[in-house]
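# Report on the structure
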Amino acid sequence: MMGEIRTQEFIVNMGPHHPSTHGVCRLMLTMDGEKVMKVEPYIGYLHRALEKICENRTYHQCIPILDRFEYVTAMSCNYTFALAAEKLAQIEVPERAEYLRVIMLELNRIASHLIFFGTTAMDLGALTPFLYALREREYIMDLFEMTCGQRLTYNYIRIGGVAKDIPAEFVPQCREAIKIIGKKVPEYEGLLNENPIWKARTIGVGVLPPELAVAYAASGPILRASGVKYDLRRDDPYSIYDKFEFDIPTRPNGDVFDRYILRLEEIKQSIRIIGQALEGLPEGDIKAKVPLKFKPPAGEVYSRIENSRGELGVYILSDGTDKPVRVKTRGGSYNHLQLIPEIGTDCLIADLVAIFASFDVIMPEVDR
Amino acid sequence: MNFAPVIAVGELQPVFAWLYGLLQSIGLEGTLLTVVMYAGLGGTVFGVLCVLALFLVWWERKIAGHIQQRFGPMRNGWHGWYQTLADAVKLLQKEDVLVDTRDRPVFFWAPVIGFVAAFAAYVVMPFGKGLIVADLNIGILYIMAVTTFTVISLLMAGWGSNNKYALLGGMRSAAQVVSYEVPMVVSILTVILYTGSLSMVDIVESQSGLFFNWFIFRIPFGPIAFITYITAATAEANRTPFDIPEAEQELVAGFNVEYSGMKFAMFFLAEFINMFTVSAIAVTLFLGGWQGLSFLPSWLWFLGKTLMVVLLLMLFRWTYPRLRVDQLMEFAWKILVPITFANLIIAGWFKWAGWYW
Amino acid sequence: MTTEQLKDYIASRFPVMMTLLETGRREPMYEVKAGQLLEVCRALRDDETLKFNYLCNIGAVDTQERLEIVYSIASVPNRLRLDFKVVLPREGASIESVQEIWPAANWYEREMWELYGVDVKAHDNLKRFLLPDDWDKGHPMRKDWDDPDFVRFPEIE
C-alpha cells in the first residue's frame, strides 16, 4: 500500500568545510526544499584560546598573538591592543608614528575590502573579480612587506609607536599604489554594479533594518549600510583621524547590494585619507620610550577602533605587573554571525550564501 | 566499392574504402562486415570527441586564465598542452571513493548514462560534407531526445549518492533542464519551419552559399531565435550563469559531490561534450553548419564555427555571476518562453506570406 | 556630552545604584549590584539623555578572589561610551541575562557561562559553542584551571 506522499523538512549541515563559509563555520540549516527555514550557527572550530595565551605573556608578547586574532586586518589588531595599553600607561605617541599608523590601518582596510569584494563575487558565482581584487591587493601587500617584512601577520604597530620607520621608497610607491587602486575601483563597479544578474541576486536580499542592526550591535559597514551613520573614526575619535577630511558613506536599504557598494565607497575614502596622511607625514621619532618590561599602572580600559569588519575592541585589566590579568577581544564578526539566524531564515539557500558573504565574516575573529 | 551506400563518410571515404577492402580480403562479408565498419566508424567518432573534450578542458582553463590575468596551465608541454591528458591519467588511476549508503546500481549507472547520452548525439551530427555517421530523417528530433537523457543521469547521481547536497543539485538540474528544453525546442522549430525537414543534412544543405544564406540571417528574426537558443543551450549545458545544479558555493559540487576518480571524469568529460553538442547544433541550425568557402575542408569550417560558439559560452562563464534558482525558472517561463513562441508565430506568418528568401 | 558631564549626569541620575570605581581612571568605570543589573541597564537604555542602545562587549574577569563581569556599552544617537561591572563571588556565580535589553548579549553571555562558569539566568540558549560538545574539564578561562596539556609561558628576564 502506498503511504501518504508529503514533503518533509530536512537538516543540512553547511560546513565546517564548505566553500562559502569563509573558514570553518558550521551552519545547521533546516530546509524545506530550497528554502531555509531555520539557521543555527555553530562556532568554535578555530578556537585557539588567544585570550588565555595573552594572560600568560607580557604586553609586548601579546601583540604578535593578536595578529592571529583577525588576520585579514592584522594591523588593526596590533593597533587596538597598543591603543589600550597606551591608554592605561598614558603614553604620548610621537606624531610621525600616528601618521604611519593611520597609513597602515587604512591600507589594511583597503586590502580587507578588496578581499571582501572578491569573495562576495565568488560566492555569487562570478569567479573572475576575485583574481582582480587580489591583483590590486598585491600592491598593498608589497608595501607591508617592504615596511615590516610580513605580508599577513605584521606585528608592526607596537606599544608607543611602530616597530620601525618606513623605507625611503615607501612614500612614492604608496602614492602609486593608491593611484592604481583608485583607478581600478570604478572598473569593479563597471563589472558588477549594473549587471542585471548581480542586481537580481543582491538587491532586496538579506535586508537588515537599522533597529535590528543596533540591537544586535552590528558595526562598521553593515551598520552603515542600514542607514545608521556611526563610524568610530568620527564618533569616538582615536589616533589622529580628526585631522583628515573624509566622508562617511551610508546606504539606505541595508541589503546585500548596499553592503557591497558601501565597501567600495569606503575604499575611495580610505584612499583620500592615505593621500592626506602621505602629504602631511612629519619627520621625527617613530616610537615613544617604552621599557621592555612594560608595567602599566593598575587599571582597566576598553579601547575600540573601526576596522573593516566593524568595531574591534580590546579590554585590558592590569594589576600593575608586566602581564595583563585579562585581555578580552571583541570582533565585529562575532556580532554579525549572531545576526545570521535573524535575517537568514525564510530565504533560499543561495540568498543565505549571499548574506553570509556580505557580512564578510572571518572565523578567527569569532572563535579567537 | 559497393560499400558507399552503407556508410557515407565524405572526405574520409578513401580510408574507409581501403579498410573495407582489407576486411573483405580476410573473408568478412554481409552483415558482419557492415557491423564491423560501423563499429570502426563509431570508434573514430568517439576517439575524436574524447580528444576534443580534452582540448576543451585545456582551452577553458587557458581562457579562464587569460580573463583573470594569469596564464592557466603552463608546465606540461608548450603552454601546458597535455595538462588535461595528465589530469585524465591521474583521474583514471585514482581510488574510487564510495559512500557506503549509496544506492549501488543508481550510483554506478548515473555517470555511464550521462556519458553515453552526451556521445549519442553525434550519430547524426554532420561534421563535414558527407561526414555523418547516419543521416536519420528525424535527426534534430533524435538529438533533442537523446541529450535529455543527461537530466536522468544527473537525477540518478543526485539520488544515488544519498547526499543532501547531491539531491538538491539533482532536483535543481531536473527543474532547470525541463524548463529550458521548451524555449530551446521552440527556437529550433523556427528553423525547422523553413527547412521543412528534420534531417541534419537537409538543414545544412539548405544553407548553402555564402554567409547570408545562413538561417540566422535568412529567416525573419533569425538573430532572436539564435540568441534564445544560445541562452537556453547555456542552461542545458549547465554553464554559468545557469550552473545552479553544481553551484559550488551553495551545494559544494551539487550532483557530483560524492563522485571521484573515473566516475567524476566521466561527468566532467560529458559536461564538456554537452557544451560542444549544443554549440554544434547552434552552428548546424543557424550558422550554416559545415558550409564555407572551398579553400578549407568542410569539417574545418564546422569545427571552427563550433569552437567560436564554445568560446562564447566560456566567456559567459567567466564573466557573469550565477542566477538564483527561482530567478532561473522565472527567466525561463516568463521571458524566454513567450519570446520564443512569439518569434515562432511571427516566423510562421512570414513563411505563409512568403516574405523570405 | 563630554566624559566629565557624563560622570556628573550618572552621579545625579543613579546616585546609589552606580558607584564610580578607582580603576576607571582613564574612562569612567562603575560598579553595579548584581540584583539591580536589569533595572540599571533598562534605565541606561531608556534614559533620553543617555540612550545607551548599543552593547559593545561583555567580558568576564577572574581576579582569583572574585569574578567580575564587565559591560561596555555605547550610545549610537548620543555618541557616548560607558563601562560598568558587576562583581560576583567565585563560587556559585550567577547573573541575570541582559538579552531582553541588548539582544547582542546572547553569545557573550553564552561565552562567559562556558569559559568562566557564570550561570546566566533567563538565557534562552545556554549551550556549548566554543569548546567541544563533550567538554568536561571545567572552565578553562578561570585562573586556577589546569590541565596536563596546558603549559604556562616561561618567565623572561
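Here, the structure is the one placed above.
All of the points below concern the structure found in this document. (Residues numbered from 1 in each chain as written. Chains lettered and ligands numbered in written order. Predicted model: local features only at pLDDT ≥ 70, side-chain atom pairs only at ≥ 80, totals over all residues. Heavy atoms only, no water.)

## Re the overall build of chain A
Helices and strands together make up the secondary structure of chain A, namely 14 helices and 9 strands. At 21 Å, chain A has a C-alpha radius of gyration in line with the 21 Å of a compact globule built from 368 residues. Here chain A holds 368 residues, and 67% of them are scored as buried. The contacts of chain A with a sequence gap of at least 6 include a subset with a gap of at least 24, amounting to 71%. Side chains of chain A give 44 positive and 50 negative charges; the mean places of these two sets differ by 4 Å. (Helix = DSSP H or I, 4+ residues; strand = E, 2+ residues; numbered from the N terminus. Rg over C-alpha atoms; globule rule 2.2 N^0.38 Å. Buried < 20%, exposed > 50% of the residue type's maximum accessible area, 1.4 Å probe, protein only. Contact = heavy atoms within 4.5 Å. Lys, Arg positive; Asp, Glu negative; His and termini not counted. Charge placed at Lys NZ, Arg CZ, Asp CG, Glu CD.)

## Some thoughts on the packing of helix H10 (residues 222-236) of chain B against helix H12 (residues 261-286) of chain B
Residue and element names in this part refer to chain B. In the contact formed by H10 and H12, the axes pass within 10 Å of each other and the chain directions differ by 165 degrees. Put simply, H10 runs roughly antiparallel to H12. For the pair H10 and H12, the crossing hand works out as right-handed. Every residue of H12 that contacts H10 at Gly222, Ala225, Phe226, Tyr229, Ile230, Ala233 and Glu236 is listed here: Val278, Ile281, Ala282 and Phe286. Residues that form the contact of H10 with H12 fall into these classes: 9 nonpolar, 1 polar and 1 charged. (Axes fitted to C-alpha atoms, helices over the stretch in contact; angles between N-to-C directions. Parallel < 35°, antiparallel > 145°, perpendicular 65-115°, else oblique. Left-handed = near helix turned anticlockwise from the far one by under 90°. Nonpolar A, V, L, I, M, F, W, Y, C, P; charged D, E, K, R; others polar.)

## Some points on the interface of chain A and chain C
Taken together, the 51 residues of chain A in the interface contact 49 residues of chain C. Across the chain A/chain C interface, buried area totals approximately 4200 Å², and carbon plus sulfur atoms make up 52% of it. When the area that chain A buries against chain C is broken down by residue, the three leading residues are Lys52, Glu300 and Tyr302 of chain A, summing to 15%. Along the contact surface separating chain A from chain C lie 6 salt bridges. Salt-bridge contacts for lysine 85 of chain C lead to glutamate 300 of chain A; the nearest nitrogen and oxygen are separated by 2.6 Å. Across the chain A-chain C interface, the total number found is 20 residue pairs in polar contact (both at pLDDT 80 or more). Take the side of chain A that touches chain C: its biggest share by element is 5 residues, from strand E6 (residues 299-307) of chain A. Considering only residue class, the side of chain A that touches chain C consists of 22 nonpolar, 10 polar and 19 charged. (Buried area = accessible area lost by both parts, 1.4 Å probe. Salt bridge = Lys/Arg side-chain N within 4 Å of Asp/Glu carboxyl O. Polar contact = N/O pair within 3.5 Å; in protein donor to acceptor, adjacent residues only side chain to side chain.)

## Structural notes on the sheet that holds E6 of chain A
All names here are of chain A. With antiparallel pairing, 3 strands are arranged side by side in an open sheet as E6-E7-E8. A single partner strand is all that each edge strand has here, and the edge strands are E6 and strand E8 (326-330). The mean inter-strand angle of the sheet, taken between neighbouring strand axes irrespective of direction, is 10 degrees. For E6 and strand E7 (residues 310-318), the ladder comprises 9 bridges, and the chain directions are antiparallel. Counterpart to arginine 304 in the pairing with E7 is glycine 313. (Pairing = 2+ DSSP bridges.)

## Overview of the side chain of asparagine 163 of chain B
Residues and elements named next belong to chain B. Here asparagine 163 shows up in the loop between helix H6 (149-160) and helix H7 (164-195). Its relative accessible area of 18% is what places asparagine 163 among the buried residues. A polar contact of 2.7 Å, which involves the side chain of asparagine 163, links it to the backbone nitrogen of tyrosine 165. Setting aside residues up to four positions removed in sequence, asparagine 163 forms contacts with Gly158, Val257 and Glu258.

By themselves, these figures tell us nothing about what the structure is for.
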